[in-house]
Amino acid sequence: MRRRHFLRISGALLATALLAGCASPQFLQLNPSRTASVPQVGSGQQVTVVAVDARPSEVIGTRAGGSMSTAQITVNRHELIPKLQAEAERAVRDMGFNPTRETAQGRPTLTLELASLAYLRGDSGQPLIDEARIEGVFRAIAQHQGTTYTGTYTSRRTQGYAIKPGEDSNTRMLNDLLSDGLNRAFSDPELGRLLAR
């Protein structure tokens, strides 16, 4: 009798925790980092580097896959863009250039644009298993001597789960996703080639 009562209370507490977790909005503080090597093409010349957020919204999706505002996942641009700016400058420096935020006539420029970041609900096809599908798209735009090169780099991840991921898990997944996008972008030899002309 006591055991049945304990199980009933435990089940109720677990259900309450799960429902509370589903209804909690998440504000993720991301810190992606490039790990791939970059082409060594510069010889100290200055390059203007700018990171921008082109997403239509800071809300990237919801934990439950619906439209409940209490389950929204948000990545604030004022927190993320300075980190992308720092990574873009580091990549340009590693290429052999001298990054600056100042513009000047005739100076090559590199713009790193976060075009989209989405957290969607997938269909795992398995009972009791849900799926998160995340996708990030970067655009890198190099301009020099009247020529423009634009590269688009898409990263995708699918993660199955029985219990909806918390803030830490989602932060890790999205950091990995954006880090992969940074690796793809700055490994593109065409960017450095144009900047070094």
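The coordinates are above.
Cut-offs and rules
- Residues numbered from 1 in each chain as written.
- Predicted model: local features only at pLDDT ≥ 70, side-chain atom pairs only at ≥ 80, totals over all residues.
- Heavy atoms only, no water.
- Helix = DSSP H or I, 4+ residues; strand = E, 2+ residues; numbered from the N terminus.
- Buried < 20%, exposed > 50% of the residue type's maximum accessible area, 1.4 Å probe, protein only.
- Contact = heavy atoms within 4.5 Å.
- Areas by Shrake-Rupley, 256 points an atom, 1.4 Å probe, with all protein chains shown as cover.
- Polar contact = N/O pair within 3.5 Å; in protein donor to acceptor, adjacent residues only side chain to side chain.
- Salt bridge = Lys/Arg side-chain N within 4 Å of Asp/Glu carboxyl O.

**Notes on the overall build of the chain**
Counting its regular elements, the chain contains 4 helices and 8 strands. Counting helices and strands in the order they occur from the N terminus, the chain gives α-β-β-β-β-α-β-β-β-β-α-α. Looking at the chain as a whole, 42% of its 197 residues qualify as buried. Considering only residue pairs separated by 6 or more positions, the chain has 74% of its internal contacts joining residues 24 or more positions apart. Summed over all atoms, the accessible surface of the chain reaches about 10700 Å², with 51% contributed by carbon and sulfur.

**Details of the side chain of T48**
With respect to the helices and strands, T48 occurs in strand β2 (residues 46–53). A polar contact is formed between the side chain of T48 and the backbone oxygen of E102, at a distance of 2.7 Å. Those residues in contact with T48 that lie beyond four places of it in its chain are T100, R101, E102, T103, A104, R107, P108, T109 and L110.

**Looking at unusual backbone geometry**
At Q145, a position not held by glycine, the phi torsion is positive, near 50°. Mapping Q145 onto the fold places it in the loop between β7 (130–144) and β8 (147–161).

**Here we look at the pattern of salt bridges**
The tally for this structure, following the rule as stated, stands at 10 salt bridges. Of the charged contacts, one joins R193 and E190 as a salt bridge, the two residues approaching to 2.4 Å between their closest N and O atoms. One end of the pair is R193 and the other is E190, both in helix α4 (residues 189–195) and 3 residues apart, which spans about a single turn. With relative accessibility at 48%, the residue R193 sits in the partly exposed group. Put simply, D53, R55, E58 and R77 are held in one network by salt bridges that share partners.

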